[in-house]
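# Inside the fold
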Amino acid sequence: MVSAFVLGVALLAAPQQQTDTTFAVSPGGRLDVELMVGQVSVESWERNAVRVRATHPSTTGVDIRHSGDVVRVDAEGRRGPPAAVTFVITVPRTFGVNIEGLSAPVEVRNVDGNLAVETTNGPITVFGGRGRLELETTNGAITVRGARGSVRAGTVNQGITLEDVEGDVQAQAVNGHISMQNVRARSVDAETVNGSVSFRGAIQENGRYRFSTHNGGVTLHVPADVSATVTVSTENGTFDSDFPVQVQGRRRGDRATFTLGTGSARVEMESFGGRIELRRIGGGEHQQ
Amino acid sequence: MSQDTWTERLSDYLDADMAAAERVALEAHLQACAACRGVLADLRAVGEAAAVLETPPPPRDLWPGIVAQIRGDGAPVLAFEPRRARWPLPRLAAAALVVVALGTAGVWLTWAPGPGPGAQGTAGTQVVRTAALPAVEEQDYEVALERLERTLDARREGLDPATVRVIDESMAIIDAALADAEAALARDPASAYLNRHYDATMRKKIDLMRRAADATRAVS
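Here the structure is a predicted model, which is why all the values come from computation and not from measurement.

### Concerning the overall build of chain A
Helix and strand content of chain A: one helix and 24 strands. Here chain A holds 288 residues, and the buried ones make up 52% of them. Summarising the internal contacts of chain A: among those between residues at least 6 apart in sequence, 45% fall at separations of at least 24. Of the roughly 12,000 Å² that chain A leaves accessible, carbon and sulfur atoms contribute 47%.

### Some thoughts on the confidence of the model for chain A
The predicted model of chain A averages 89 in pLDDT, with 90% of residues at 70 or higher. Predicted confidence for residues 1-11 of chain A stays below pLDDT 50, and this span has zero contacts to residues more than four positions away or in other chains.

### Section: the pattern of salt bridges
Inspection of the entire model under this criterion finds 29 salt bridges over all chains. Here Arg196(B) and Glu268(A) are joined by a salt bridge, their closest N and O atoms 2.8 Å apart. Of this pair, Arg196(B) sits in helix 7 (residues 192-219) while Glu268(A) sits in strand 23 (residues 265-271), placing the two residues on different chains. Taking relative accessible area as the criterion, Arg196(B) reaches 18% and is therefore assigned buried. Here the residues in one salt-bridge network are Asp189(A), Glu191(A), Arg210(A), Glu268(A), Glu270(A) and Arg196(B), joined through shared partners.

### Observations regarding the side chain of Thr143(A)
You can see Thr143(A) is positioned in strand 12 (residues 142-145). Overall, Thr143(A) belongs to the buried group, its relative accessible area being 13%.

### Quick look at the pairing of strand 16 (residues 178-191) of chain A
All names here are of chain A. Here six bridges tie strand 14 (residues 160-166) to strand 16, and the two strands are oriented parallel to one another. Pairing of Glu-163 across the sheet is with Gln-181, part of strand 16. In the sheet, strand 15 (residues 169-172) pairs with strand 16 via four bridges, with the strands oriented parallel. What sits directly across from Val-169, in strand 16, is Val-188.

### Brief notes about the packing of aromatic side chains
All names here are of chain A. For the structure shown, the criterion picks out three aromatic pairs over all chains. With a centroid separation of 6.3 Å and an interplanar angle of 55 degrees, the aromatic rings of Phe-199 and Tyr-209 are classed as tilted. Each member of the pair, Phe-199 as well as Tyr-209, carries the same accessibility label: buried. Where Phe-239 meets Phe-258, the ring centres are 5.9 Å apart and the plane angle is 40 degrees; that geometry is what we call tilted. Of this pair, Phe-239 sits in strand 20 (residues 238-241) while Phe-258 is found in strand 22 (residues 255-260), placing the two residues 19 residues apart along the sequence.

### Considerations on the confidence of the model for chain B
Averaged over all residues, the pLDDT of chain B is 60; the fraction at 70 or higher stands at 45%. The low-confidence segment residues 49-136 of chain B, where pLDDT is below 50, has 189 contacts with residues more than four positions distant or belonging to other chains.

### Re the environment of Ser26(A)
All names here are of chain A. With respect to the helices, strands and loops of the structure, Ser-26 is situated in the loop between strand 1 (16-24) and strand 2 (30-45). On the basis of relative accessibility, which here comes to 38%, the residue Ser-26 falls in the partly exposed class. Those residues within four positions of Ser-26 in sequence are excluded, and the remaining contacts are Asp-69 and Phe-95.

### Quick word on the side chain of Ser241(A)
Among the secondary structure elements, Ser241(A) is positioned in strand 20. One polar contact links the side chain of Ser241(A) to the main-chain amide nitrogen of Phe243(A), over a distance of 2.9 Å.

### Regarding the state of the cysteines
Residue and element names in this part refer to chain B. Applying the stated criterion to the full structure yields zero disulfides over all chains. With no disulfide of its own, Cys-33 has Cys-36 as its nearest cysteine by sulfur position, at a separation of 3.5 Å. A residue is classified by how much of its surface remains accessible, and Cys-33, at 8% relative accessible area, is buried. Residue class for Cys-36 comes out buried when judged on its relative accessible area of 1%.

### Thoughts on the environment of Ser271(A)
Residue and element names in this part refer to chain A. Along the polypeptide, Ser-271 turns up in strand 23. On a C-alpha basis, the gap between Ser-271 and Ser-196 in space is 9.0 Å, while along the polypeptide they are 75 residues apart. Among the polar contacts listed, one links the side chain of Ser-271 to the backbone oxygen of Gly-216, at a separation of 2.6 Å.

What counts, and at which threshold
- Residues numbered from 1 in each chain as written.
- Chains lettered and ligands numbered in written order.
- Predicted model: local features only at pLDDT ≥ 70, side-chain atom pairs only at ≥ 80, totals over all residues.
- Heavy atoms only, no water.
- Helix = DSSP H or I, 4+ residues; strand = E, 2+ residues; numbered from the N terminus.
- Buried < 20%, exposed > 50% of the residue type's maximum accessible area, 1.4 Å probe, protein only.
- Contact = heavy atoms within 4.5 Å.
- Areas by Shrake-Rupley, 256 points an atom, 1.4 Å probe, with all protein chains shown as cover.
- pLDDT = per-residue confidence, 0-100.
- Salt bridge = Lys/Arg side-chain N within 4 Å of Asp/Glu carboxyl O.
- Pairing = 2+ DSSP bridges.
- Phe/Tyr/Trp six-rings, centres within 6.5 Å; stacked < 30°, edge-to-face > 60°.
- Polar contact = N/O pair within 3.5 Å; in protein donor to acceptor, adjacent residues only side chain to side chain.
- Disulfide = S-S within 2.5 Å.

Structure follows, in structure tokens:
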């Protein structure tokens, strides 16, 4: 125990080094980052260049390779596995970005190319951007704000938050809430096992929307003039609505469907045992 | 679109409830996917069997109440058209439809339970009992789970304790949800919602195990 403590202190005390390098690239290229432990932040600028800044102990080196349109960045341990490295990388706005980490929180700002992030431990936070987002973590929250592209987000532990997002959404969680505020999408598929699902946004004509949870509620806030065929499914939960729909003699099992407006969109709301609510944005909103 | 997603659209395809572009894409997929062609054939067989069933009369305990409301305010009764079963996956299924009646306050919904033996629906509903379909998906799940469990057991020690804890806790949450769904299905095996919910939850379990297996490969 004492020797492990001494070893830990020695590692912590290892001097930190700074790597800072910038090189020219084509605007439509791609950044690939692999990191076992540490932190990754990616931001954009208007220059056709990539800048890599890294803070790392002397026991871990930073490997940067540039070939054609692809820039690869990772960390290598000089004696054993790599220690924690903090990357701050700046790329052209139109760059695509792929990040793979093990225990590494990731933050990306204003990257318009496609973004793919996969980590095991650590939250993923994305601001802005116009590309396709594919975000996966096992233990960490996923947050997307101000994105203008499709979002596919999956986490196991902790929730997913989407705010001011324009683009199709696929959100999956096991133990966490899914919250979608000011979302404009033609297709939404949001599902969790233990947690609530909430949505506030437009229901587009002929769109398809599915909101599902096992333990938890489903709450939708939609415009008063929504046109949707709504299907509500529950085993032993409840249903309440601001729209002129009432449930009579609720019994277990299967599902009930009703039409609002022209019924052009398809909306499915499912909760095994929780409260399902359909709320109207604006006048007539349910006051609690 | 993944095979799982196409499978869920086959019922709509049979009902001609699909945009033209999507129909073309689905038909192209069917040419290459034997699994989906098999599901489609099963759904067609279910529909053909359902079509020969007679529409039962409404039960006396419900219809008079609805009629009274109609006579009271003149609002029309809006009933769902009888429809064939539409199941995204080939599982044991029976359909119960919902009767909607307009009252003075708006639209009334009556939840319809899954039909038991000799069950009768209300006016405008069609109780459909379909033949049990082979549990192909169940076998696939078991094989996939077994394979993933072996992989995880062999590499579990390579993961850090925090990750192991998260995976174990999440697996327990999913297993509890599966147990809830199984218990509910035991009471109501014909429920379309419960069958789909069970399948979706089982897929989550497999996805979690795959993710855990990937994590072990990342550290090895």
